[in-house]
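Next come the chains, spelled out residue by residue.
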Amino acid sequence: PTIESPTGLEKFEDAEIQSSSLISNRQCRLGEQVEIDIEVMNVGKGKATLLKIEPMQFDGLKIKKVPAWSRLEDTSLNLRNKVLETQGVEDIKLTAAPYVKGEYHLRPRILYRNDSGEISSHMISLDVITVKELGISDWIKGASRARKD
């Protein structure tokens, strides 16, 4: 007789981070705000200590707002050792504003530590943000709004 065990389950013995994301406006114009919502889940059996998300600085795209419990540093978002329990979920809401037209391929990774002290990472797939210049109608609307203020 042979003893069989399911394969692939070993990675769930410790912390195992997965994520999903939503971008409010994948096609926007210069200066428009883009809301980025990253849901981080611990699907493993151990606790995960969230360390940081990197990179969080992109040429032409400025991160304007981060959760109050986190801190934006140089090229990363410091998650300040936030503990994510087994089956825990943390919602990370960011606001960004593009100031250069173009396509932005956002592929940051989240670094976390498991109960054994080992550091692992998970790639967050955020998709592409396409930024276009303001058209003539946008300039006129902007100018008329400025006169009203």
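Residues numbered from 1 in each chain as written. Predicted model: local features only at pLDDT ≥ 70, side-chain atom pairs only at ≥ 80, totals over all residues. Heavy atoms only, no water.

As a further point, take the overall build of the chain. Broken down by element type, the chain carries one helix and twelve strands. Secondary structure elements of the chain, listed N to C terminal, follow the sequence β-β-β-β-β-β-β-β-β-β-β-β-α. Burial analysis of the chain (149 residues in total) assigns 36% to the buried set. Counted over contacts in the chain with a minimum sequence separation of 6, partners at least 24 positions apart contribute 71%. (Helix = DSSP H or I, 4+ residues; strand = E, 2+ residues; numbered from the N terminus. Buried < 20%, exposed > 50% of the residue type's maximum accessible area, 1.4 Å probe, protein only. Contact = heavy atoms within 4.5 Å.)

A separate point is the sheet that holds strand 8 (residues 89-98). Read from one edge of the open sheet, four strands run 1-3-8-5, paired in antiparallel fashion. Each of the sheet's edge strands pairs with one partner strand only, and the pair in question is strand 1 (17-23) and strand 5 (61-65). Here the strands of the sheet are splayed against their neighbours by 30° on average, with no regard to which way each runs. Bridge count for strand 5 against strand 8 is four bridges, and the pairing is antiparallel. (Pairing = 2+ DSSP bridges. Axes fitted to C-alpha atoms, helices over the stretch in contact; angles between N-to-C directions.)

For the bond running from glutamate 54 to proline 55, omega is -15°, close enough to zero to count as cis. By the element assignment, proline 55 lies in the loop between strand 4 (48-54) and strand 5. Look at arginine 80: it is not a glycine, yet its phi comes out positive at around 50°. Locating arginine 80 in the fold gives a position in strand 7 (residues 76-84). Positive phi, close to 55°, is recorded for asparagine 81, a residue that is not glycine. As for its placement among the helices and strands, asparagine 81 is situated in strand 7. Judged by its relative accessible area of 44%, asparagine 81 is partly exposed.

Tallied over the full model, the rule gives seven salt bridges. For glutamate 133, the salt bridge goes to lysine 101, with nearest N and O atoms at 3.9 Å. Of this pair, glutamate 133 sits in the loop between strand 12 (128-132) and helix 1 (136-148) while lysine 101 sits in the loop between strand 8 and strand 9 (102-105); the two residues are 32 residues apart in sequence, bridging distant segments of the chain. Residues joined in a network through salt bridges with shared partners are Asp37, Asp91 and Lys93. (Salt bridge = Lys/Arg side-chain N within 4 Å of Asp/Glu carboxyl O.)

To continue, consider the nonpolar core. Core analysis: the biggest nonpolar cluster contains 29 residues, and Ile36 and Ile129 have the highest contact counts within it. For this core, the secondary structure elements donating two or more residues are strand 1, strand 3 (34-42), strand 4, strand 5, strand 7, strand 8, strand 10 (109-113) and strand 12. Take this core: its biggest share by element is four residues, from strand 3. Setting aside its immediate chain neighbours within four residues, isoleucine 129 contacts Ile23, Asn25, Arg26, Cys28, Val34, Leu61, Gly102, Glu103, Tyr104 and Leu106. (Core = buried A, V, L, I, M, F, W, Y, C linked by side-chain atoms within 4.5 Å.)

Relative to the elements of secondary structure, methionine 56 occurs in the loop between strand 4 and strand 5. Each C-alpha atom of the pair methionine 56 and asparagine 78 lies 9.9 Å from the other, and the pair is 22 residues apart in sequence.

With that settled, consider the confidence of the model for the chain. Scored by pLDDT, the chain comes out at a mean of 84, with 82% of its residues at no less than 70. Overall, residues 143-149 carries pLDDT values under 50, and its contacts beyond four positions in sequence, including any with other chains, amount to zero contacts. (pLDDT = per-residue confidence, 0-100.)

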